[in-house]
Every structure is written in C-alpha cells, then in structure tokens.
Protein chains: 2
Amino acid sequence: MPRIAIIGLGLIGGSLALALKRAQIEGLEIAGCDAQRGVAGRARKQGAIDHEARDAASAVAGAAVVVVATPISQARSVLEAIAPALEEGAIVTDTASTKRDLLRWAAELLPERVSFVGGHPMAGKEQSGLEAADAALFEGMPWAITPSVGATEGAIRTVEGLVSITGARPIIVDAAEHDSYVAAVSHLPLVASTALFSLASQSQAWPDLAILAGPGFRDVTRLASTDPSLSHDICLTNRENLLHWLDRYMEELRRLRGLIADAGQQEKLLKEFVRAQTEREVFLTKPPERAPEDQRAETPSAREQMLSFMVGDYVVRRTKEIDRMLDERERGLREERGR
Amino acid sequence: MPRIAIIGLGLIGGSLALALKRAQIEGLEIAGCDAQRGVAGRARKQGAIDHEARDAASAVAGAAVVVVATPISQARSVLEAIAPALEEGAIVTDTASTKRDLLRWAAELLPERVSFVGGHPMAGKEQSGLEAADAALFEGMPWAITPSVGATEGAIRTVEGLVSITGARPIIVDAAEHDSYVAAVSHLPLVASTALFSLASQSQAWPDLAILAGPGFRDVTRLASTDPSLSHDICLTNRENLLHWLDRYMEELRRLRGLIADAGQQEKLLKEFVRAQTEREVFLTKPPERAPEDQRAETPSAREQMLSFMVGDYVVRRTKEIDRMLDERERGLREERGR
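Quick notes on the rules
- Residues numbered from 1 in each chain as written.
- Chains lettered and ligands numbered in written order.
- Predicted model: local features only at pLDDT ≥ 70, side-chain atom pairs only at ≥ 80, totals over all residues.
- Helix = DSSP H or I, 4+ residues; strand = E, 2+ residues; numbered from the N terminus.
- Buried ≥ 20, exposed ≤ 12 C-beta atoms within 10 Å, placed from the backbone.
- Contact = placed C-beta atoms within 7 Å.
- Core = buried A, V, L, I, M, F, W, Y, C linked by C-beta atoms within 7 Å.
- Nonpolar A, V, L, I, M, F, W, Y, C, P; charged D, E, K, R; others polar.
- Pairing = 2+ DSSP bridges.
- Least-squares fit on C-alpha atoms with pLDDT ≥ 70 in both.
- Right-handed = clockwise from strand over helix to strand, strands pointing away.
- Domains from an automatic or database assignment.
- Axes fitted to C-alpha atoms, helices over the stretch in contact; angles between N-to-C directions.
- Parallel < 35°, antiparallel > 145°, perpendicular 65-115°, else oblique.
- Left-handed = near helix turned anticlockwise from the far one by under 90°.
- pLDDT = per-residue confidence, 0-100.

Caption draft 1: Fine view of the overall build of chain A. The helix and strand inventory of chain A stands at 14 helices and 8 strands. The buried share of chain A, reckoned over its 339 residues, is 53%. Of the contacts formed within chain A by residues at least 6 apart in sequence, a portion of 76% connects residues at least 24 apart.

Caption draft 2: Representation of the nonpolar core in the model. A:Ile6, A:Ile7, A:Val66, B:Ile6, B:Ile7 and B:Val66 are the most contacted members of the largest nonpolar core, which totals 214 residues. Those residues within four positions of B:Ile7 in sequence are excluded, and the remaining contacts are B:Cys33, B:Ala56, B:Ala59, B:Val66, B:Val67, B:Val68, B:Ala69, B:Thr70 and B:Val78.

Caption draft 3: Examining the interface of chain B and chain A more closely. Facing the 95 residues of chain B at the interface are 95 residues of chain A. Top element by residues in the side of chain B that touches chain A is helix α7 (residues 175-201) of chain B. It accounts for 18 residues. Across the side of chain B that touches chain A, the residue classes tally to 54 nonpolar, 20 polar and 21 charged.

Caption draft 4: Unusual backbone geometry, seen in detail. Look at A:Gln24: it is not a glycine, yet its phi comes out positive at around 50°. Along the chain, the position of A:Gln24 falls in the loop between α1 (11-22) and β2 (29-33).

Caption draft 5: View of the sheet that holds strand β8 (residues 169-172) of chain A. Residues and elements named next belong to chain A. What the 8 strands build is an open sheet, ordered β3-β2-β1-β4-β5-β6-β7-β8; its pairing is mixed. The open sheet is flanked by β3 (51-52) and β8, the only strands paired with a single partner. Relative to strand β7 (residues 142-147), strand β6 (residues 115-121) runs antiparallel, the two sharing 5 bridges. Across the sheet, the residue bridging to glycine 118 is threonine 146, located in β7.

Caption draft 6: Up close: the relation of the copies chain B and chain A. When chain B is fitted to chain A, the residual RMSD is 0.0 Å, and the transformation amounts to a turn of 180° plus an axial shift of 0.0 Å. In short, the pair behaves as if placed about a two-fold rotation axis. Residues of chain B ranked by C-alpha distance from the rotation axis are headed by B:Val220, positioned 2.0 Å from it. Interface overlap between copies: 99% of the residues of chain B at the interface are likewise at the interface in chain A, consistent with a symmetric, same-surface contact.

Caption draft 7: Representation of the sheet that holds strand β2 (residues 29-33) of chain B within the structure. All names here are of chain B. Spatially, 8 strands are ordered β3-β2-β1-β4-β5-β6-β7-β8 in an open sheet, and the strand pairing comes out mixed. Two strands in the sheet have a free side with no partner beyond their single neighbour: β3 (51-52) and β8 (169-172). In terms of strand pairing, strand β1 (residues 3-7) meets strand β4 (residues 65-68) through 4 bridges, oriented parallel. Bridging across to β4, isoleucine 4 finds its partner in valine 65.

Caption draft 8: Highlighting the pairing of strand β7 (residues 142-147) of chain B. Residues and elements named next belong to chain B. Of all 6 residues that make up β7, 6 are buried, and the element is covered over most of its length. Of the two faces of β7, both are covered, the one formed by Pro142, Ala144 and Thr146 as well as the one formed by Trp143, Ile145 and Pro147. Tracing the backbone out of β7, into helix α6 (residues 153-165) and back to the parallel element β8 gives a crossover that is right-handed.

Caption draft 9: Layout of the domain arrangement of chain A. All names here are of chain A. The assigned domain composition of chain A is domain 1 (3-173), domain 2 (175-261) and domain 3 (262-339). On a C-alpha basis, the centroid separation for the pair domain 1 and domain 2 is 28 Å. The interface is formed by 17 residues belonging to domain 1 together with 16 residues belonging to domain 2. Within the residue set of the side of domain 1 that touches domain 2, elements represented by two or more residues are α4 (72-82), α5 (100-109), β6 and β7. No other element matches the 3 residues that α5 contributes to the side of domain 1 that touches domain 2. Taken together, the residues of the side of domain 1 that touches domain 2 sort by class into 6 nonpolar, 7 polar and 4 charged.

Caption draft 10: Spatial organisation of the environment of B:Ser73. Residues and elements named next belong to chain B. The topology assignment puts serine 73 in helix α4 (residues 72-82). Under the C-beta neighbour-count criterion, serine 73 is labelled buried, with 22 such atoms within 10 Å. Remark: the alpha-carbon pair of serine 73 and valine 117, spanning 44 residues in sequence, is separated by 18 Å.

Caption draft 11: Broad picture of the pairing of β2(A). All names here are of chain A. Along β2, 4 of the 5 residues are buried, which leaves the element largely enclosed by surrounding structure. In terms of strand pairing, strand β1 (residues 3-7) meets β2 through 5 bridges, oriented parallel. Bridge pairing in β2 places isoleucine 7 opposite cysteine 33. The parallel pair β1 and β2 is bridged by α1, and the resulting crossover is right-handed. Pairing between β2 and β3: 2 bridges, direction parallel. Paired with glycine 32 across the two strands is glutamate 52, which belongs to β3. Assessed by its sense of winding, the connection that carries the chain from β2 through helix α2 (residues 39-45) to β3 is right-handed.

Caption draft 12: Local environment of the packing of helix α11 (residues 239-261) of chain B against helix α12 (residues 266-285) of chain B. All names here are of chain B. It is at 8 Å that the axes of α11 and α12 come closest, and there the two elements cross at 130°. Taken together, the axes of α11 and α12 lie oblique to each other. Read as a crossing pair, α11 and α12 show a hand that is left-handed. Contact residues: α11 offers Leu256, Leu259 and Ile260, while α12 offers Lys268, Leu269 and Glu272. Considered class by class, the residues forming the contact of α11 with α12 number 4 nonpolar, no polar and 2 charged.

Caption draft 13: Broad picture of the confidence of the model for chain A. Residue and element names in this part refer to chain A. The predicted model of chain A averages 90 in pLDDT, with 86% of residues at 70 or higher. Overall, residues 292-303 carries pLDDT values under 50, and its contacts beyond four positions in sequence, including any with other chains, amount to 4 contacts. Across the predicted assembly, pTM comes out at 0.85 and ipTM at 0.84.

Caption draft 14: Local environment of the environment of B:Ala5. Residue and element names in this part refer to chain B. Turning to its location among the elements, alanine 5 is positioned in strand β1. C-alpha of alanine 5 to C-alpha of glycine 124: the two residues are 119 residues apart in sequence and 21 Å apart in space. Filtering out sequence-adjacent residues up to four positions away, alanine 5 remains in contact with Ala31, Ala59, Val60, Ala63 and Val66.

Caption draft 15: Local environment of the environment of A:Gly258. In this structure, A:Gly258 sits in helix α11 (residues 239-261). Overall, A:Gly258 belongs to the exposed group, with 12 C-beta atoms counted inside 10 Å.

Structural data, given as structure tokens:
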C-alpha cells in the first residue's frame, strides 16, 4: 500500500493533500504532521490526511514519497530529523520557493539510499495556512522540478506523476537556473508589488487613495499579502538573483520615465504600450511550451516580425489622433496659465 | 420618458448600458452611438441600448443625461459636437481616467444651460471593446465624481444615482485631487505593471521565464494588458502627477533594495513585509470609508498602534529562526566555495 508523508500542512502542504485525496488513488495513504499544534488533527478530521504523525521522523516511517512542505527556514532541520527514519529507496521532494539551498542541504544530510528531487509549485493566494488549502490550487499552474545529481530516473518520474495528479504542469529545470528564472517572474513581482502597496499605504493621502483604489490596484498589489516570513525567506535565499532583477527593473522604470517625460518621444512610448499588450496577449492565449534547444533561436524572430507588423499598423493609425490631442492640451494649459 | 445617451460603446460604455438595462428602470430609454462602424448596431441587437444613433449629436437629442464614454483623446471633439444639440438642463458626464482636462474642456465648450459632472469608474479588465462589456463590471468598485463649478446640486445627485444603479460606490472628489490620487493607485500601478511585463518579455530568457510564470506574475502584470491608447492617454493627460509618483516608487524600490542587500538589516526588512501584509489585510477586510475632516487626524495613530503591536510580536517570534537560517546559509555557501 503506497504511503506519502507530507511534512507541513499549511496552504501548500494542505492543498497537495486535498488534491491527492480528490484523485481517489486506490490504496493511497497520506501521513502528515505540522509544527503548529492542532493543525495535523484538523487536517485528519477534514479528510486531507489519513494519519496524524507526532513529528516529521514518525511521519516518514513506511513512506515511499516524502514531501517537505514547510517554510524553507525549517526545511534544513526537517531533512536532518527525517534522514535516519527514511525507508530504503524513498523519494524526498519539497515545495520551497528557491532550490539551490535545498539541493545543498539534501546532499549534505540525506543518506545515499534515498533520492532527492526538489519541487516548487508556482501557486498561491492571499490567505495562508490549512484553512486556505484548496484541492484546485495547482490546476494549470507550473510546478518546477529540480532533481539532485544522484536522483534516480524512477524518482524523477514519480515526482512528475505526483505533480500531474494535482493538475499542475511539471517542468524539469536545473536548480541554479530555476532560482534565476523565478527571481524574474516571482520574486521581483513580489518586491515590486509590496513596494507599490507600501508606498501608497504609507502615504499621508492613504485614506483618500484607499477609497479610490480599484481592481487594478488590488491585482497589482496582491503579492503584498504574501505570508511575510515567506517573502523574507525568498529575499534571504535568493538574494543575488533578486538584486540583479531589481536593478534591471529600476532601469526599465527609468527608461519609461524618460519616455513619459519627453513630449518628443510619444510615438516611442505608445509603441511600448502596444508591444507589452500584444506580447501579453500572446503569453495568455498561446501558453509557452518548451521548444527543443535547436528551435529556440528561430522563435523570437518570427514573433518579432508579427509584433513589429501589428505595432506599426496601430501606431500609424494613432499618431494623428495623438498629435491633435497634444496640441489641444498644450493650448489649454497655456490658456489656464494665462488666466 | 427619461432618455440617457451613451457616446462610445466600448468596455465602459457597453457595460454601463448593460448595467442600466439589468436594473429594469420603468420607461428608461438608452440611445447610443460609437465611432466604430457596426458597434452601435451590435449593442442594440444584444439589448444593451434601445436606439442606435448615427452620431453623437443625434444621440443626445432629447436626452436628460449624456455619458461621454469615448477615449479621452476623442472626448474634446465629442463635447464640441454635442454642445449645440444638448437639451435645456441636460446633465453631461464622462468616464475618462483623468478629470482636469475634461472639466476645462466642458467649461470651454458646453453651453450654460447644461450641467457637467465628471465621472471615472475605477474598473476594467484584460479585454476591451463591446464584446468584453459586462453588466457586473462596476459592482462594488469606486466611481469618482468630479462636479464642475457650475453643476447644479440636482445634477450631482443624478450622476450619483446613475453610478449607484451600476452597483459602484460614488465618491465625490475635486478634479485636481482626483488626478493626483489616481496617479498613485491607478496610473503608477499601470506603469509598474507594464514595466514588469516588458522587462521579463524582452529578456533573452523569456521562453524559459514564461514557462515558470505563475498566477502571481499574471496578477501583477495584468495592467500591461490595458488598451495601449488608454495607457498612453493617461501618460499624456496626467503626466506631472504620474512622474511624481513614479519617482517616489523608484525611491521606495531603492530603499527596499538597500534592506535586501544588507545582511544587517534583516529585521527591518521582515518588518516591511509584515507591515505591508497587515495593512493590506486591513485594506481588504475593512474597506476604507471617508472620515469627516475632524476625525481624520486620529485614524492613523490608532491604526499605527495596532500595527506596531502586531508587527512587534511577530518579529520577536521570527528573529531566532532567521538568525539560525542565516548562520546555516553562510556556512553552506562557505563550504560550497571551499570545494
């Protein structure tokens, strides 16, 4: 009878348990534990897990697959605690947001008789904890898989299968690459979103700003609601990559600022908006798939061609309209100053 | 029989028409027109409007209320075109994202026999055009109302009523204040979101980044899908306010960057995340209401007190955990370098 152990039953661990239960896999047993008192008991009562273990080491006894779903700040001591209790041939995976530290710790602490395959589900929501857990949390979302050097092919396939059961898309990627990619599409957005919310909410005008804040503000600042210890863990464990992308982001903002400020650059500014909107449309409607290495070089140029065609056509149509409005606005402001 | 004219039947004008129809107001007639051929006909066929007018001037004939829902770049010429055709006592409003230009144009172009009351619904979505129109688009969303100096009390109440029918929350605000507030909570988020998407999508690594981009990236970059001419109009008509907030945003990012980069500032960095998360929780669960002027001074200090209590408690609990992890990480990196 296959047994899976889930260490940490918060939003991610709890949702994984629920997703596995939903799949109704014949004979599957889930053991779980959580450092916070009472959580594992609640998980069992709501049917997310079958067995409530008193600690990580007892949870992994008899388990073919172990998922460490704690905050990364606790992952190292969990690996240390479970190492002696792991079964021969057990497969260990995790769900932390950065992967290099995890792979280093696994190499250092886990016995050779087990396979470590890192994992990172790209999913989340504004709430955290078991109460927010949701069997559908991972549906359609990417789930990065970063095998260790010693992981067996079978272990990698097993983790891929586990991920697929939740409805997520398994993506195998090198751990160092993973950390640099997620710095761009996950950790930078987290900091950008938090900075935007902090700026507005710390402003003297916040009571007035908050009243006018609509759905756009809510969406763009959503990541400011991330569990603070998770945000902080990310900054600690992926610092160098994050700083790199943060610097590039500030550069990009400075460039856009220059276009906005310069009345002579309006066509260029418009093109920026058209390109971003068009590229995002492509991103949403034709979700990217990994092309084989030899085809990658071609992809951008074909896309570039289509984009440049669409952008050019649009810009020509808009230019007259803008020129007229700029003239009118200039005249209006002059008159206003003159009064 | 009351008649409302809606000039421009895109996402906003179309959604307004649908929301009014949904309210089933006895005897209400909606006339509509759109500069794009075929749109008004489609709106009539789908029951959003009752009468399809061939142009703005014919649409407003006999209308008690006129809503200019075109892009701001066309609003001035629409006001010019409808001015001679407006009924005695007609109420004119609009839906543009910035309000100072609109009020100036209305003062310049509209006859004294009508009242102009500016309007700005804080709502939107990734798609634009009549096809994306939705009767529920405005539900629960703020809708700013900026009366002109000459607007009658009755005109202001009428526009408030119209806004309430859509399910939005009417918020009366001075036009100059409006433009400065929305620069912070709408226009800066637009630029920040677009810059984030552009940076990622223009990167060489985009094919790999896109595969790993999860729901957080989608939410935070949603505004990059704004209609490009709307984004551009916003930059043109609210340039000074936008640049002000953009500069403050870059300052805030630099400040956070400093905390992330400095190993000695981790407690401060954690506090930033805790404060942002807590403040956003308050923002979401207790939506702000406008306090009378004399009560405003008190509000921040009570909130500050509560926040500082929550933040303090959390940080104490976390500090030991972080210290341990930082030590472990430092040691791990040293060992990695040593190998």
